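Coordinates in review
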Amino acid sequence: MPKVEINIEKCKGCGLCVQVCPKHILEFSGRFNSSGYDYVQCIDESKCIVCKSCALMCPDIVFTLYKEEKK
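Residues numbered from 1 in each chain as written. Predicted model: local features only at pLDDT ≥ 70, side-chain atom pairs only at ≥ 80, totals over all residues. Heavy atoms only, no water.

**Regarding the pattern of salt bridges**
In this structure the tally under the stated criterion is 2 salt bridges. Residue K12 pairs with D60 through a salt bridge whose shortest N-O separation is 3.5 Å. Pair noted here: K12 is in the loop between β1 (3-6) and α1 (16-20) and D60 is in the loop between α2 (53-57) and β4 (63-66), with a separation of 48 residues, a long-range link. In this structure K12 comes out as partly exposed when scored by relative accessible area, which is 45%. As a salt-bridge pair, D44 and K47 come within 3.9 Å of each other at their nearest N and O atoms. (Salt bridge = Lys/Arg side-chain N within 4 Å of Asp/Glu carboxyl O. Helix = DSSP H or I, 4+ residues; strand = E, 2+ residues; numbered from the N terminus. Buried < 20%, exposed > 50% of the residue type's maximum accessible area, 1.4 Å probe, protein only.)

**So, the pairing of strand β3 (residues 38-42)**
With 4 bridges connecting them, strand β2 (residues 26-32) and β3 associate as antiparallel partners. Bridging from a neighbouring strand, E27 pairs with Q41 of β3. Counted between consecutive antiparallel strands, the loop separating β2 from β3 contains 5 residues, among which G36 sits at a positive phi close to 90°. (Pairing = 2+ DSSP bridges.)

**Re unusual backbone geometry**
A positive phi angle, near 55°, is found at H24, a position not held by glycine. The backbone phi angle of I61 is positive, close to 50°, even though this residue is not glycine. For I61, the position within the fold is in the loop between α2 and β4.

**A closer look at empty space enclosed by the protein**
Empty space among the atoms becomes apparent when a probe as large as a water molecule is rolled across them. Counted under the stated rule, the structure contains 2 cavities of 30 Å³ or more. Of the volumes computed, that of the largest cavity is approximately 120 Å³. Contributing to the lining of the largest cavity are 14 residues, with C21, I25, C48, C51 and C54 lying nearest its centre. Forming the boundary of the second largest cavity are 13 residues, of which C11, G13, C14, C17 and C58 lie nearest the centre. Split by residue class, the lining of the second largest cavity holds 9 nonpolar, 2 polar and 2 charged. (1 Å grid on protein atoms, 1.4 Å probe; cavity = no way out; pocket = protein on both sides within 12 Å on 5 of 7 lines; lining within 4 Å. Points joined across faces, edges and corners; volume = space filled by probe spheres on them. Nonpolar A, V, L, I, M, F, W, Y, C, P; charged D, E, K, R; others polar.)

**So, the pairing of β4**
The alternating pattern of β4 places F63 and L65 on a buried face and T64 and Y66 on a face that is not buried. With 4 bridges joining them, β1 and β4 adopt antiparallel strand pairing. In the strand pairing of β4, V4 is matched with L65.

Nothing here speaks to function; it is geometry throughout.
Structure follows, in structure tokens:
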């Protein structure tokens, strides 16, 4: 299964990643990091296609994406 890691402390809540995600699995968490920003969370990693749109759009480089391991 793909894995989406988000560095919530670096996220400034700009929402660019939410807008570009083709699977609509990113949303604002409603919680705040130590800098006071409402950070983004992934609501369903299993639907992630690892297209990297979120990582490419993010100005703060908060995403680390892992593809499903082939066995």
